[in-house]
Amino acid sequence: MTATLAPLGWLVVVVLFGSVVPVVPTGAAVSGAAALAAHQHPLTVLLVVAAGALGAYVGDLTTYVVLGWGGERIARRLHWLREPQRFERMSARVREGRVSMLLVSRLIPGGRVPVLLAGAVAGLTWRRFAVANAPASVTWSVLYAAIGVVGRAVFPEPWQSVLAAIAIVLLVSQGLGWWSRRRTAPVRPPATP
């Protein structure tokens, strides 16, 4: 049992750190751990889901507190939030109670931090955020663990399924990021001669 708990503890730490410092591919960590767990014992996948969700939840709470302290200063410094209409629209959605944005933002690469920042600046209470973020963190962890389990179902060797799960996560993340950037790119009017 101790052999299982130590890697799960590290998974919590990696996901927590990646939630606070969003350069760590936390989804790939959960998918890889789930693929490996599915090879060892299928019930261990549930522990991977719990560890991933716990790390994501605590990391998001930490990020939200930090953004609450310096939110407006941070918003002014970030180049993707210098367009006031974009930030104001996001803040208005959070103020209106569209807490489902937390769920969607957790699943879209690069979407979580802007929504957390908008919520912090818009005055979403910490308690409301904490309650709304729990299902978002669990859903995120279940989704990425499922990707790992699919990798396990396709490949017979543990290392193959771990690599497949990580590759799938990275490809999907890059594809969603590309689609999101393309969708939000400003439309330029045609040049007039």
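Summarised in this report is the structure supplied together with it. (Residues numbered from 1 in each chain as written. Predicted model: local features only at pLDDT ≥ 70, side-chain atom pairs only at ≥ 80, totals over all residues. Heavy atoms only, no water.)

**Overview of the overall build of the protein chain**
Across its full length, the protein chain carries 8 helices and 0 strands. N-terminal to C-terminal, the α/β element order of the protein chain is α-α-α-α-α-α-α-α. Buried residues in the protein chain amount to 39% of all 193 residues. The long-range share in the protein chain, meaning contacts at least 24 apart out of those at least 6 apart in sequence, stands at 76%. Within the structure as shown, the protein chain displays about 11,300 Å² of accessible surface, and the carbon and sulfur contribution to it stands at 68%. (Helix = DSSP H or I, 4+ residues; strand = E, 2+ residues; numbered from the N terminus. Buried < 20%, exposed > 50% of the residue type's maximum accessible area, 1.4 Å probe, protein only. Contact = heavy atoms within 4.5 Å. Areas by Shrake-Rupley, 256 points an atom, 1.4 Å probe, with all protein chains shown as cover.)

**Regarding the packing of aromatic side chains**
On inspection of all chains with the given rule, the structure shows 2 aromatic pairs. Pairing Tyr64 with Phe129 gives two aromatic rings, centres 4.1 Å apart and planes at 10 degrees, and the pair type is stacked. Of this pair, Tyr64 sits in helix α3 (residues 44–77) while Phe129 is found in helix α7 (residues 126–154), placing the two residues 65 residues apart along the sequence. There is no split in this pair, since Tyr64 and Phe129 are both buried. (Phe/Tyr/Trp six-rings, centres within 6.5 Å; stacked < 30°, edge-to-face > 60°.)

**Quick notes on the nonpolar core**
In terms of nonpolar packing, the biggest core is built from 17 residues, with Leu11, Val15, Val30, Val45, Val48, Trp140 and Ala145 touching the most fellow members. Listing elements by their share of this core, those giving two or more residues are α1 (2–20), α2 (26–40), α3 and α7. At 5 residues, α3 tops the list of elements feeding residues into this core. Residues contacting Val48, with those up to four places away along its chain left out, are Leu8, Leu11, Val30, Ala33, Ala34, Ala37 and Ser141. Membership of the second largest hydrophobic core comes to 13 residues, among which are Tyr64, Met101, Leu116 and Leu124. (Core = buried A, V, L, I, M, F, W, Y, C linked by side-chain atoms within 4.5 Å.)

**Details of the packing of α2 against α7**
It is at 7 Å that the axes of α2 and α7 come closest, and there the two elements cross at 50 degrees. Taken together, the axis directions place α2 and α7 in an arrangement best described as oblique. Our pair here, α2 against α7, has a crossing hand that is right-handed. In this structure, α2 contributes Thr26, Gly27, Val30, Ser31, Ala34, Ala35, Ala38 and His39 to the contact, and α7 contributes Trp140, Ser141, Tyr144, Ala145, Ile147, Gly148, Val149 and Arg152. Considered class by class, the residues forming the contact of α2 with α7 number 9 nonpolar, 6 polar and 1 charged. (Axes fitted to C-alpha atoms, helices over the stretch in contact; angles between N-to-C directions. Parallel < 35°, antiparallel > 145°, perpendicular 65-115°, else oblique. Left-handed = near helix turned anticlockwise from the far one by under 90°. Nonpolar A, V, L, I, M, F, W, Y, C, P; charged D, E, K, R; others polar.)

**Digging into the environment of Gly110**
Mapped onto the secondary structure, Gly110 falls in the loop between α5 (100–107) and α6 (112–122). Residues Gly110 and Val23, 87 residues apart in the sequence, show an inter-C-alpha distance of 9.8 Å.

**Regarding the pattern of salt bridges**
When their charged atoms lie close together, side chains carrying opposite charge are able to pair. If you walk through the whole model with that rule in mind, you get 1 salt bridge. For Asp60, the salt bridge is made with Arg112, and the minimal N-O distance between the two is 2.8 Å. Placement of Asp60 in helix α3 and of Arg112 in helix α6 is noted, with a sequence separation of 52 residues between them. Owing to a relative accessible area of 1%, Asp60 belongs among the buried residues under this scheme. (Salt bridge = Lys/Arg side-chain N within 4 Å of Asp/Glu carboxyl O.)

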